[in-house]
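Next come the chains, spelled out residue by residue.
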Amino acid sequence: MAAASQDGGKPLWGSIVRTVYLNGSYVAEGDATVSIFDRGLMFADAVYEVCSVLDRRIIDKQAHLARLERSLAEMAIAHDVAATGWDDILATLIERNHLIEGTIYIQISRGAADRDFLFPAPGTPPTVFAFTQARSLVANPMADRGMRIITRPDRRWGRRDIKTVQLLYASMMKMEAKAAGVDDVWLVDGDVITEGTSQNACIITRQGHLVTRDLGHHILPGVTRLSLIEIAHKSGITVEERRFTIAEAQGAAEAFVTSASLFVMPVVEIDGLKVGDGLPGIETMALRSAYIEQACGPK
Ligand code: PLP
């Protein structure tokens, strides 16, 4: 493996030059370049993962690596997750970047080949990279005020269960939310909520049941969603994995989203209507605390 470049030039975006991982080497972020023929660039032919780091430790690491393995298998991208030694790579990135709190992004594309809709011949090496982003996750002001959400038609492709880098529609919807002065979009098929642009959507009914969309091709099987369902079961909360409508969510006692970087984040308004009393829900905040406690506690 190549040694990390010591000077590495200027920081690309922040104030420090990060060390990133690219195809077996650790390099300064400015030295990490990929081919213009990479299929990730031309066809969005790539899968990814985002894991959170709290107190230098990766949350739900094995579940993220397992989902990465599944996404690769569904896309028939030949990358052996177990043989690559991701545990060491991620630990090295945390150490070299002095990452205490933030996220790690992993991306694997089908590799570089002359442009053709057909996949390249077997043996084309995938392009594999990972990098860290330092940011505050636990102390997030949005947890105190709650998110305001609007709904928009879900116009993504039909295999939303695979975590591919086709994120243009999600990106456009986040821009639409920003233009509307709200925090994010929940995507809907008709009046049925699928999920958020980059989170799973959940509500707490007036009976105190946690409702979230059932798994299938229509949503990403969120790692945080799964951990939270386990926490809810342990806390004696009834969990219903099923469809729910915009009206049901607006009339719910509480609403929230789950994702690796937001953990459990309260939703206080949907399409201009307050959820509950319009403040972050008590159950939601208890679940957020329980999730963070579990993430920080001994594993
Ligand atoms: N749904 C979508 C569309 C996402 O992009 C994400 C995360 O990026 C999630 C749900 C939440 O998944 P996780 O909890 O694994 O971060």
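Everything below is about the structure printed above this text.
Residues numbered from 1 in each chain as written. Predicted model: local features only at pLDDT ≥ 70, side-chain atom pairs only at ≥ 80, totals over all residues. Heavy atoms only, no water.

Enquirer: Please explain the packing of helix H7 (residues 223–234) against helix H9 (residues 282–296) as it appears in this structure.
Expert: A pair of packed helices can be characterised by two numbers: the angle between their axes and the separation between those axes. Two elements in contact, H7 and H9, have axes separated by 10 Å at closest approach and are oriented at 105°. Taken together, the axes of H7 and H9 are roughly perpendicular relative to one another. Every residue of H9 that contacts H7 at Thr 224, Ser 227, Leu 228, Ile 231 and Lys 234 is listed here: Leu 287, Ala 290, Tyr 291 and Gln 294. Residue classes in the contact of H7 with H9 are distributed as five nonpolar, three polar and one charged. (Axes fitted to C-alpha atoms, helices over the stretch in contact; angles between N-to-C directions. Helix = DSSP H or I, 4+ residues; strand = E, 2+ residues; numbered from the N terminus. Parallel < 35°, antiparallel > 145°, perpendicular 65-115°, else oblique. Contact = heavy atoms within 4.5 Å. Nonpolar A, V, L, I, M, F, W, Y, C, P; charged D, E, K, R; others polar.)

Enquirer: So what exactly am I meant to see when it comes to the packing of helix H2 (residues 61–75) against helix H4 (residues 86–96) here?
Expert: Packing of H2 against H4 brings their axes to within 12 Å, and their N-to-C directions diverge by 120°. As summarised for this structure, H2 and H4 are arranged oblique, according to the angle between their axes. Considering only the axes of H2 and H4, their crossing is right-handed. Two secondary-structure elements touch here, H2 through Lys 61, Gln 62 and Leu 65 and H4 through Trp 86, Asp 87 and Leu 90. Of the residues in the contact of H2 with H4, the class split is three nonpolar, one polar and two charged. (Left-handed = near helix turned anticlockwise from the far one by under 90°.)

Enquirer: Explain the site of the ligand here, please?
Expert: The local shell around the ligand holds 18 residues, among which Arg 67, Lys 163, Glu 195, Val 223 and Thr 224 are the closest. At 2.8 Å, a side-chain N or O of Lys 163 approaches an oxygen atom of the ligand. Here an oxygen atom of the ligand and a backbone polar atom of Ala 260 are 2.8 Å apart. Elements supplying a minimum of two residues to the shell around the ligand: H2, strand E9 (192–196), H7 and strand E13 (254–259). Among the residues making up the shell around the ligand, the classes are represented as four nonpolar, 10 polar and four charged. Both domain 1 (19–134) and domain 2 (141–295) contribute no fewer than three residues apiece to the shell around the ligand. (Near = heavy atom within 4 Å. Polar contact = N/O pair within 3.5 Å; in protein donor to acceptor, adjacent residues only side chain to side chain. Domains from an automatic or database assignment.)

Enquirer: What exactly am I supposed to notice about the sheet that holds strand E5 (residues 102–109) here?
Expert: Sheet strands associate in pairs through backbone hydrogen bonding, adopting either a parallel or an antiparallel arrangement. Taken in spatial order, the six strands of this open sheet run E2-E1-E6-E5-E3-E4, and their pairing is antiparallel. Of all the strands in the sheet, the pair left with one neighbour each is strand E2 (25–28) and strand E4 (57–58). Where strand E1 (residues 19–22) meets E2, four bridges bridge the pair, whose relative direction is antiparallel. Opposite Tyr 21, over in E2, you have Tyr 26 as the bridge partner. (Pairing = 2+ DSSP bridges.)

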